[in-house]
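# Structural description and commentary
Below, each chain spelled out in residue letters.
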Number of protein chains: 2
Amino acid sequence: MTQRIREFLRTRRDDGPCVVVDLDVVETNYHAFARALPDTRVFYAVKANPAPEILRLLARLGSSFDCASVAEIEMALAAGATADRISFGNTIKKERDIVRALELGVRLIAVDCQAEVEKIARARDAADADGVRVFCRILCDGAGAEWPLSRKFGCVPEMATDVLEHAHRLGLTAYGVSFHVGSQQGNVGAWDQALASSATIFAECRERGISLSMVNLGGGFPTKYLKQVPGVESYGDAIFRSLSKHFGNRLPETIIEPGRGMVGNAGIIEAEVVLVSKKSEDDAVRWVYLDIGKFGGLAETMDEAIRYPIRTERDGDSMEPCVLAGPTCDSADVLYEKVPYLLPVSLSIGDKVLIEGTGAYTTTYSAVAFNGFPPLRSYVI
Amino acid sequence: MTQRIREFLRTRRDDGPCVVVDLDVVETNYHAFARALPDTRVFYAVKANPAPEILRLLARLGSSFDCASVAEIEMALAAGATADRISFGNTIKKERDIVRALELGVRLIAVDCQAEVEKIARARDAADADGVRVFCRILCDGAGAEWPLSRKFGCVPEMATDVLEHAHRLGLTAYGVSFHVGSQQGNVGAWDQALASSATIFAECRERGISLSMVNLGGGFPTKYLKQVPGVESYGDAIFRSLSKHFGNRLPETIIEPGRGMVGNAGIIEAEVVLVSKKSEDDAVRWVYLDIGKFGGLAETMDEAIRYPIRTERDGDSMEPCVLAGPTCDSADVLYEKVPYLLPVSLSIGDKVLIEGTGAYTTTYSAVAFNGFPPLRSYVI
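What counts, and where the lines are drawn
Residues numbered from 1 in each chain as written. Chains lettered and ligands numbered in written order. Predicted model: local features only at pLDDT ≥ 70, side-chain atom pairs only at ≥ 80, totals over all residues. Helix = DSSP H or I, 4+ residues; strand = E, 2+ residues; numbered from the N terminus. Rg over C-alpha atoms; globule rule 2.2 N^0.38 Å. Least-squares fit on C-alpha atoms with pLDDT ≥ 70 in both. Core = buried A, V, L, I, M, F, W, Y, C linked by C-beta atoms within 7 Å. Buried ≥ 20, exposed ≤ 12 C-beta atoms within 10 Å, placed from the backbone. Contact = placed C-beta atoms within 7 Å. Nonpolar A, V, L, I, M, F, W, Y, C, P; charged D, E, K, R; others polar.

### Here's the deal with the overall build of chain A
- Scanning chain A from terminus to terminus reveals 10 helices and 18 strands.
- What you see for chain A is a C-alpha radius of gyration of 22 Å, in line with the 21 Å of a compact globule of 381 residues.
- Seen through its principal axes, chain A has C-alpha atoms that stretch 75 × 40 × 35 Å.

### A short note on the relation of the copies chain A and chain B
- With an axial shift of 0.0 Å and an RMSD of 0.0 Å, the rotation relating chain A to chain B amounts to 180°. Taken together, the rotation and translation describe the operation of a two-fold axis.

### Side note on the nonpolar core
- One finds Ala76, Val134 and Val163 of chain A together with Ala76, Val134 and Val163 of chain B to be the most contacted residues of the largest nonpolar core, which totals 260 residues.
- Discounting residues that sit within four places of it in the chain, Val134 of chain A has contacts with Ile109, Val111, Val117, Ile120, Ala167, Leu172, Ala174 and Tyr175 of chain A.

### Some points on the interface of chain A and chain B
- Facing 57 residues of chain A, the contacting portion of chain B comprises 57 residues.
- Elements supplying a minimum of two residues to the side of chain A that touches chain B: helix 4 (70-78), helix 6 (114-127), helix 7 (157-169) and strand 12 (267-277) of chain A.
- The leading source of residues in the side of chain A that touches chain B is strand 12 of chain A, at 4 residues.
- Looking at the side of chain A that touches chain B, its residues break down into 33 nonpolar, 12 polar and 12 charged.

### Observations regarding unusual backbone geometry
- The phi torsion at Asp128 of chain A lies on the positive side, around 55°, for a residue other than glycine.
- Residue placement: Asp128 of chain A occurs in the loop between helix 6 and strand 6 (133-137).
- On the basis of neighbour counts, which here come to 8 C-beta atoms within 10 Å, the residue Asp128 of chain A falls in the exposed class.
- Positive phi values are uncommon outside glycine, yet Asn371 of chain B reaches one of about 65°.
- As for its position among the elements, Asn371 of chain B is in the loop between strand 17 (352-356) and strand 18 (377-380).

### Quick word on the environment of Thr91 of chain A
Residues and elements named next belong to chain A.
- Mapped onto the elements of the fold, Thr91 is located in the loop between strand 4 (86-88) and helix 5 (95-103).
- In this structure Thr91 comes out as buried when scored by C-beta crowding, with 23 C-beta atoms within 10 Å.
- For the pair Thr91 and Val117, spaced 26 residues apart in the sequence, the C-alpha separation amounts to 9.9 Å.

Shown next, in the form of structure tokens:
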């Protein structure tokens, strides 16, 4: 909670839950990344929070941008980024969207299979584009991450060399390798295994006459929720050690794609207690209902994955475990139940609560109008 | 798939995934409910699909409306429903929203605890409203339902009598009992136990000098996805038998709140195959990526709960199990993986697919702009 956010909330007209993002915190985070990984370019993961004010700040600070769609590319350009500072990082793209990205000047594109490489080659011809660089995403086990990973993105490292060779054969620049160690990754050593695989792919490509340039280290840098997390400099140190270990003195160009780590702790949601009740007279656990839930911006509570810190005006009073739920008529709109949440016994209907660490993956995740509730309001200050 | 939807899709300009709802199917469904439960008023659950065309049609046919928020109440009024045909069915409401609902003329309101009753009594005073009727929702085990229920709504039946007595004491009309047997309920007998509890509450209230009038039978009526479901007349028969068994010849007024059962099978989503790939050369299961996923309208695939039928132009070709996933850069955006989905081996990038039974719980569930993708487009014809 920063002084600026406190001041803003004190004076805003109450019209339902909102998230407030403090740009000063984003700026501090950007500099921390730049310092911790001095030879690594920062590509902000726009999907974490595409607010124009955030994109403009980061563009001005020199950040590059990892974009998931043409709309995100257009937002990054509108914020002042040049096309050479944009990566089209989604491995799942329509061919017409690739054409559009190339027309907009983007030249760095993710793939994880040969079919996607072929789309890019055709799009390159359609857009008459030169110097298109592709990088291949590899699977990574994600152990140590809090937000569930799946096998959705990436191929096994053994296949990546073939994918990159296919790109090379089609006249694209086989540029490098990417991976993602899992979002909210608490283990600073999580990059090591993927970097070993990357070095092997670099060596295999070299044997086939292809010189790769880049390793995209992805995101995964955590923000502080309830548990303490290592500082970004610890991640920088560990990654640098792994890079040296696996690449020796032929260090590749590197980029990172922080999203949550860049904006998570810059934002706070203010919400209201709508109801406190029990299901029976002798219920051991109270139910606390907020005016925000899974469909109003807190989608990452799915499976109780992300556990946000919650502050109330009654902190310091005695605490008891509560089930925490959202306001919609959907029985799945429950935030924490398997592990009930400790809240003050005195917490009452109408009380405001502050949900910390909510600068990332909240605004654009909101449902458009579920149950007639509007999407989460967002203020960037 | 109706002829009207087929014709519409044939001529529409392709601009991403969309849902198309056929009003003729909604009308047929309404009449089926009215016929199957002739003495029961139908309150359409607006949250299932609040498209104005659907609300206008149902208002014209004589339907009443179950609303989850002030916004939904305003939509029902705008569609031509009078306030006496509206129920404020959410048990979790801000006091100022109750005031607003009363000002709009709504007089039928759900509760599940004493605190909510007190809000309504205060709101009644603030809005200077007469004749406010409240009904108390009770917990119900939901066995046989496909969409996961939780204990979020309702209190144990033993507490409901106290809640209703509290309403009576505060000058509200203690009007009845409601419950919900779980969405997509496949067991026509699921209402029996809750009706037994309801009859007990009626008797207990009578002993305390309070005469209840209504049982709100809730929703739960299924739409056909992959498995066959019983017809609505089977539900009507079973419910009538249970009502007679538990209430004898003092049958209460009854209402139902179909949402999925009213619009689910009236809608079809047209989507596109964006990518088909394997994670390794010897992968047994292909990954099929669509341009719609969990955040674009298919939220009910959460935990693979609702399994939609999918039609392709290649049906009839040999089939193989596939993992089905959405287009966003979120590893949680996977529709079916635990139980892979059988799709034609020949299914290719760029193919259109039709996702059936998607008229309910798709449009308003869409994320506002996750990954820069727009919310699901909706056409009602």
